[in-house]
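Residue strings, one per chain:
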Amino acid sequence: MPWRKISEGLAALLLGAASVALLIFAGALFLGLLAVTLIAAAGLFLAAPEASRKTIEVLIGRIDTWVAAMKGIVEEAGALLTGLLGAKAQQETAAPQGEQTPGENAAPAAEEPLPSETPSDTAPQNGEQTQKASN
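The rules we used
Residues numbered from 1 in each chain as written. Predicted model: local features only at pLDDT ≥ 70, side-chain atom pairs only at ≥ 80, totals over all residues. Heavy atoms only, no water. Helix = DSSP H or I, 4+ residues; strand = E, 2+ residues; numbered from the N terminus. Buried < 20%, exposed > 50% of the residue type's maximum accessible area, 1.4 Å probe, protein only. Areas by Shrake-Rupley, 256 points an atom, 1.4 Å probe, with all protein chains shown as cover. Salt bridge = Lys/Arg side-chain N within 4 Å of Asp/Glu carboxyl O. Expected span 1.5 Å × (residues − 1). Patch = residues over 30% accessible without salt bridge, like charges linked within 9 Å, V, L, I, M, F, W, Y side chains within 5 Å. pLDDT = per-residue confidence, 0-100. Axes fitted to C-alpha atoms, helices over the stretch in contact; angles between N-to-C directions. Parallel < 35°, antiparallel > 145°, perpendicular 65-115°, else oblique. Contact = heavy atoms within 4.5 Å. Nonpolar A, V, L, I, M, F, W, Y, C, P; charged D, E, K, R; others polar.

Per the secondary structure count, the protein chain includes three helices and zero strands. Each helix (α) and strand (β) of the protein chain, taken in turn from the N terminus, gives the series α-α-α. Across the 135 residues of the protein chain, 4% fall into the buried class. When the accessible surface of the protein chain is summed, it comes to about 11,700 Å², and 68% of that surface belongs to carbon and sulfur atoms.

Next up on the list: the pattern of salt bridges. By the definition in use, this model includes two salt bridges. With a shortest N-O distance of 3.3 Å, E8 and R4 are connected by a salt bridge. In this pair, E8 and R4 are both assigned in helix α1 (residues 2-47), four residues apart and thus about one turn of the helix distant. Under the relative-accessibility criterion, R4 is labelled exposed at 58%.

For helix α2 (residues 49-94), with 46 residues, the first-to-last C-alpha span of 66 Å sits near the 68 Å given by 1.5 Å per residue. When we look at burial in α2, the residues that qualify are S52, A68, G72 and G83.

A word on a nonpolar patch on the surface. Together, I63, W66, V67, M70 and I73 make up a nonpolar patch on the protein surface, roughly 500 Å² of accessible area in all. As for its position among the elements, I73 is in helix α2. On the accessibility criterion, I73 (48% relative accessible area) is partly exposed.

On to the confidence of the model for the protein chain, then. Scored by pLDDT, the protein chain has a mean of 79; 69% of the residues are at 70 or more. Per-element averaging of pLDDT across the protein chain places helix α3 (residues 126-134) at the bottom with 52 and α1 at the top with 91.

A few words now on the packing of α1 against α2. Closest axis-to-axis distance for the α1/α2 pair is 5 Å, and the angle between their directions is 125°. With respect to their mutual orientation, α1 and α2 come out oblique. Residue-level contacts link L44, F45, L46 and A47 of α1 to P49, S52 and R53 of α2. Among the residues forming the contact of α1 with α2, the class breakdown is five nonpolar, one polar and one charged.

This is the structure:
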């Protein structure tokens with residue numbers, strides 16, 4: 001049955017060529033749409049430069065706000081994860097080997113709040129970060 005192996009190899013080759021062709025087509029389509037968008041944006045800028053500048057400034061401000069919000073979310077998630085991992089490591093080192101740890105069907109002991117749960121008076125809020133970044 002050598003024909004079966006040959007036909008399977010040929011089918012795999014054709015499928016690979018079709019997938020590469022599809023990727024090239026998608027890339028060309030993306031570049032074409034990008035070119036049309038840039039031409040349209042240039043036309044709008046030439047037709048109304050003041051309105052275009054104002055729109056671009058508004059978009060940049062919104063993007064800066066979004067980036068600052070994302071940065072805050074990532075920092076909070078990092079602090080939460082660090083606090084959880086630190087608390088778990090402290091529990092594992094503090095618990096004797098023969099005793100049951102709080103994660104094994106036992107009532108959890110009263111813990112101190114995690115660093116991410118306690119508000120800091122010195123830490124700036126998201127709005128303050130955005131205002132400082134825009135100045």
